[in-house]
Amino acid sequence: MVYAHIRAMLGGFSPYPRRCILCSMAVGTLFVSIAGVLGNHEMVNALMVGAFSLGSLWTLAGHLMMLGKAKERQEKNKNQN
């Protein structure tokens, strides 16, 4: 899923801008995993267990924030054709 998301963004197969690649699950999971440097504590372990879920949340939130740009781009492409 992550590869398909990145490939669609880089290949121009998506109405979302290319900078939306920062909204991929891999980037979100990486951000959450950075908390692992804080040591072996209950809250850190809880974040690490939910890293993929929080990465998915990162992806969905990013796409919702960029939805307006995607709609504009899609309308622009329809008008050109």
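Residues numbered from 1 in each chain as written. Predicted model: local features only at pLDDT ≥ 70, side-chain atom pairs only at ≥ 80, totals over all residues. Heavy atoms only, no water.

**A look at the overall build of the chain**
- From N to C terminus, the chain includes 5 helices and 0 strands.
- Going from the N terminus to the C terminus, the chain shows its helices and strands as α-α-α-α-α.
- Over its C-alpha atoms the chain spans a radius of gyration of 16 Å, topping by over 25% the 12 Å that the globule rule assigns to 81 residues.
- A principal-axis box enclosing the C-alpha atoms of the chain has dimensions of 55 × 20 × 15 Å.
- Put simply, the chain has 81 residues, and 27% of those count as buried.
- Taking as baseline every contact in the chain between residues at least 6 positions apart, the subset at least 24 positions apart corresponds to 55%. (Helix = DSSP H or I, 4+ residues; strand = E, 2+ residues; numbered from the N terminus. Rg over C-alpha atoms; globule rule 2.2 N^0.38 Å. Buried < 20%, exposed > 50% of the residue type's maximum accessible area, 1.4 Å probe, protein only. Contact = heavy atoms within 4.5 Å.)

**Notes on the nonpolar core**
- Counting 6 residues, the largest nonpolar core consists of Met9, Tyr16, Cys20, Cys23, Met66 and Ala70.
- The contact partners of Met9, leaving out residues within four places of it in the chain, are Ser14, Tyr16, Pro17, Arg18, Cys20 and His63. (Core = buried A, V, L, I, M, F, W, Y, C linked by side-chain atoms within 4.5 Å.)

**Some details on a nonpolar patch on the surface**
- Taken together, the side chains of Leu30, Phe31, Ile34, Val37, Leu38 and Trp58 make up a nonpolar region of the molecular surface, amounting to roughly 650 Å² of accessible area.
- Mapped onto the elements of the fold, Ile34 is located in the loop between α2 (25-33) and α3 (42-49).
- Assessed through its relative accessible area of 47%, Ile34 is described here as partly exposed. (Patch = residues over 30% accessible without salt bridge, like charges linked within 9 Å, V, L, I, M, F, W, Y side chains within 5 Å. Areas by Shrake-Rupley, 256 points an atom, 1.4 Å probe, with all protein chains shown as cover. Salt bridge = Lys/Arg side-chain N within 4 Å of Asp/Glu carboxyl O.)

All quantities given are derived from atomic positions and should not be read as evidence of function.
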